[in-house]
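Geometric and topological summary
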Amino acid sequence: MNGKDIATLYRFRVFSSIWSACFLLLWSTAVWAAVPNTPTIIVQDITQEVIHVLQTHEGQPFTPAVQQQIADIVLPHIDFMTMSRFVMSQYWSQMTPAQQNEFVRLFKEQLVHTYLIAFSHYSGQTVQVLSSRQIYQHPDIVQVNTTILQTNGLGNIPVTYAFLQESSGWKIYDVFIDGVCMNLTYRNTYRKTVAHKGIANFLQDLSKKERPWNKGQ
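As a starting point, this report considers the structure included with it. (Residues numbered from 1 in each chain as written. Predicted model: local features only at pLDDT ≥ 70, side-chain atom pairs only at ≥ 80, totals over all residues. Heavy atoms only, no water.)

**Looking at the overall build of the protein chain**
Each helix and strand counted, the protein chain has 7 helices and 6 strands in total. Starting at the N terminus and ending at the C terminus, the protein chain contains elements arranged as α-β-α-α-α-α-β-β-β-β-β-α-α. Taken across its 217 residues, the protein chain has 46% of its residues classed as buried. A sequence separation of at least 24 residues applies to 59% of the contacts in the protein chain between residues at least 6 apart. (Helix = DSSP H or I, 4+ residues; strand = E, 2+ residues; numbered from the N terminus. Buried < 20%, exposed > 50% of the residue type's maximum accessible area, 1.4 Å probe, protein only. Contact = heavy atoms within 4.5 Å.)

In structure tokens, the structure reads:
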């Protein structure tokens, strides 16, 4: 299996069937009492708010207006800059400030568009919160471990959210799905393209794949 096949498999295996569950699912009973303002509560609040939007518009077209509502709930809690720096790895320092900003924008648009397509196919899965632990200090990093409970007879899927504490609060900067690191997967895929084509051509290719979430599907 080549890099293109792996990237395609990852996108449809992970994003289309799992990322929707990560932010949209009704939460089942947590096995421990959460404390306000923790990463766990942030994920829970995001989920409840988005579910409310979906239920309000249930049976209606997944319009740009609905997409905007969901994006307004989810996006403030994701650190796209940290994700972008990790994904581009050593090439980040070789990019001009303009190229860095362009990549963050394109990467964000690509991810959000994929997530929103997955959200539109939500089919009632639930999520169980298993645990939360601090894995690093200065900066503070917390992992929230969850399990997606499938409704279609397939096996449950472990999902871990990685949160970074910033001056503006806790932000999601990575997700591990069934043991697969999202950021690392993108890093490996993009690194091959940049090494072959260079940064400028890589950004140009990425822009051609852009599907702005706020312009509909």
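**Some remarks on the pattern of salt bridges**
This model, assessed by the stated rule, comprises 2 salt bridges. A salt bridge links E102 to R105; its shortest N-O distance comes to 3.0 Å. Linking E102 with R105, this pair stays in helix α5 (residues 97-119), spanning 3 residues, or about one helical turn. The class of R105 is partly exposed, set by a relative accessible area of 35%. (Salt bridge = Lys/Arg side-chain N within 4 Å of Asp/Glu carboxyl O.)

**Overview of the nonpolar core**
In this structure, I70 and F103 are the most contacted members of the largest nonpolar core, which totals 55 residues. The dominant element in this core, judged by the number of residues it contributes, is α5, at 9 residues. When residues no more than four places from it in sequence are discounted, the contact partners of I70 are V50, V53, L54, F62, L116 and F119. (Core = buried A, V, L, I, M, F, W, Y, C linked by side-chain atoms within 4.5 Å.)

**Some details on the pairing of strand β3 (residues 141-149)**
By the criterion of burial, β3 is predominantly enclosed, with 8 of the 9 residues buried. Taking the residues between adjacent antiparallel strands as the criterion, strand β2 (residues 126-136) and β3 are bridged by 4 residues, where H138 takes a positive phi near 55°. Bridging between β3 and strand β4 (residues 157-166) involves 8 bridges; their strand directions are antiparallel. Within β4, the residue paired with I148 across the bridge is I157. (Pairing = 2+ DSSP bridges.)

**A look at the packing of aromatic side chains**
Tallying each qualifying case throughout the model produces 7 aromatic pairs. Judged by centre distance (5.4 Å) and plane angle (10°), the ring pair of F103 and F107 falls under stacked. On the criterion of helical spacing, the pair formed by F103 and F107 is a turn pair, its members being 4 residues apart in helix α5. We note that F103, like F107, is buried. Note on F103: relative accessible area 0%, which makes it buried. Site record: aromatic cluster; members linked through ring pairs are F103, F107, Y186, Y190 and F202. The lysine or arginine in question, R187, covers the ring of F86, its NZ or CZ lying 3.9 Å from the ring centre. (Phe/Tyr/Trp six-rings, centres within 6.5 Å; stacked < 30°, edge-to-face > 60°. Lys NZ or Arg CZ within 6 Å of the ring centre and 35° of its normal.)

**Observations regarding the environment of T193**
Residue position: T193 is located in helix α6 (residues 182-197). According to the relative accessible area criterion, T193 is partly exposed, its value standing at 27%. Each C-alpha atom, one on T193 and one on D205, is 9.5 Å from the other, the two residues being 12 residues apart in sequence. Every residue in contact with T193, bar those within four places of it in the chain, is listed here: G198 and F202.

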